[in-house]
Every structure is written in structure tokens, then in C-alpha cells.
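Fold and contact review
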Amino acid sequence: MYVSRAVESMRADPIEGESVALVLETAPDADPASVADRARAAGATVDRHLQFDDLLVTAPQERIDALCALDGLDAVQTSDAIAITSVDDVEEDVDLDE
């Protein structure tokens, strides 16, 4: 399983009381609902289901190790690494006539 350098850094030296937004990339043969349930049990909040059955979660940094140990994952990255922002921060301005 791939774990980004940023996640590895927080995993090695978590800041108590700080949370992080992570993308959990599910394995092709994994059940996303089961992975989401296990992520919740490991201390994460599942914020969104993303395309390709991936999950956007928020978790205390001290719970990253437990999340990385979950079965059914191909990768764990920060949401910043793949340009995921919170729903509140997203603003779409599309002119379909252009």
C-alpha cells in the first residue's frame, strides 16, 4: 500500500488535537461501505464518497496509524495531494456559452 510522505510524516510525529483530511483509496476488490465502516471505527469521520470508490475522511493525526492499517486500501494521501478541498471552499463558475 502507498502512503504519501506527508501522511508518513504525520504518522511518525502526530500533533495531538490536530485533525487532517485524508483520501483513502480503496482497493479494486474492496467494499467501499465496509472500508468506510472500518475507517469510522478507527476514529475517522467519512466526509464524502469520491469517484473510484475512494473516501474523503477527517481524522485526528494520532489515528493515522490505525487508518493505514485498514484492510482494503491501496493508498492513503492527504486531500491536498490530490487537490480535494472542502465542499464549503468549492465555488464553481461555469459559462456554458463559451
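Note: the structure precedes this text.
The shown structure was predicted, so the numbers you read here are calculated from the model rather than taken from an experiment.

**Let's talk about the pattern of salt bridges**
Working definition: two side chains of opposite charge can pair if their charged atoms are close together. One pass over the structure, following the stated rule, counts 3 salt bridges. With a shortest N-O distance of 2.7 Å, Arg11 and Asp65 are connected by a salt bridge. Here Arg11 is found in helix H1 (residues 5-12), whereas its partner Asp65 is found in helix H3 (residues 64-68), with 54 residues between them in sequence. With relative accessibility at 28%, the residue Arg11 sits in the partly exposed group. The residue Asp37 makes a salt bridge to Arg40 at a minimum N-O spacing of 3.1 Å. In this pair, Asp37 and Arg40 both sit in helix H2 (residues 32-41), 3 residues apart, roughly one turn of the helix. Accessibility expressed as a relative area gives 48% for Asp37, which makes it partly exposed.

**Regarding the sheet that holds strand S1 (residues 2-3)**
Whenever strands of a sheet pair, they do so through backbone hydrogen bonds, lying parallel or antiparallel. Pairing in this open sheet of 5 strands is mixed, and the strands run S1-S5-S2-S4-S3 from one edge to the other. Whereas interior strands pair on both sides, the edge strands pair on one side only; in this sheet they are S1 and strand S3 (45-49).

**Some details on the side chain of Gln77**
Residue placement: Gln77 occurs in strand S5 (residues 73-78). Here Glu25 takes part through its side chain, which lies 2.6 Å from a polar atom of the side chain of Gln77.

**Topic: the environment of Leu56**
Examined against the element boundaries, Leu56 turns out to sit in strand S4 (residues 55-60). For Leu56, a relative accessible area of 6% gives the class buried.

Rules used in this analysis
- Residues numbered from 1 in each chain as written.
- Predicted model: local features only at pLDDT ≥ 70, side-chain atom pairs only at ≥ 80, totals over all residues.
- Heavy atoms only, no water.
- Salt bridge = Lys/Arg side-chain N within 4 Å of Asp/Glu carboxyl O.
- Helix = DSSP H or I, 4+ residues; strand = E, 2+ residues; numbered from the N terminus.
- Buried < 20%, exposed > 50% of the residue type's maximum accessible area, 1.4 Å probe, protein only.
- Pairing = 2+ DSSP bridges.
- Polar contact = N/O pair within 3.5 Å; in protein donor to acceptor, adjacent residues only side chain to side chain.

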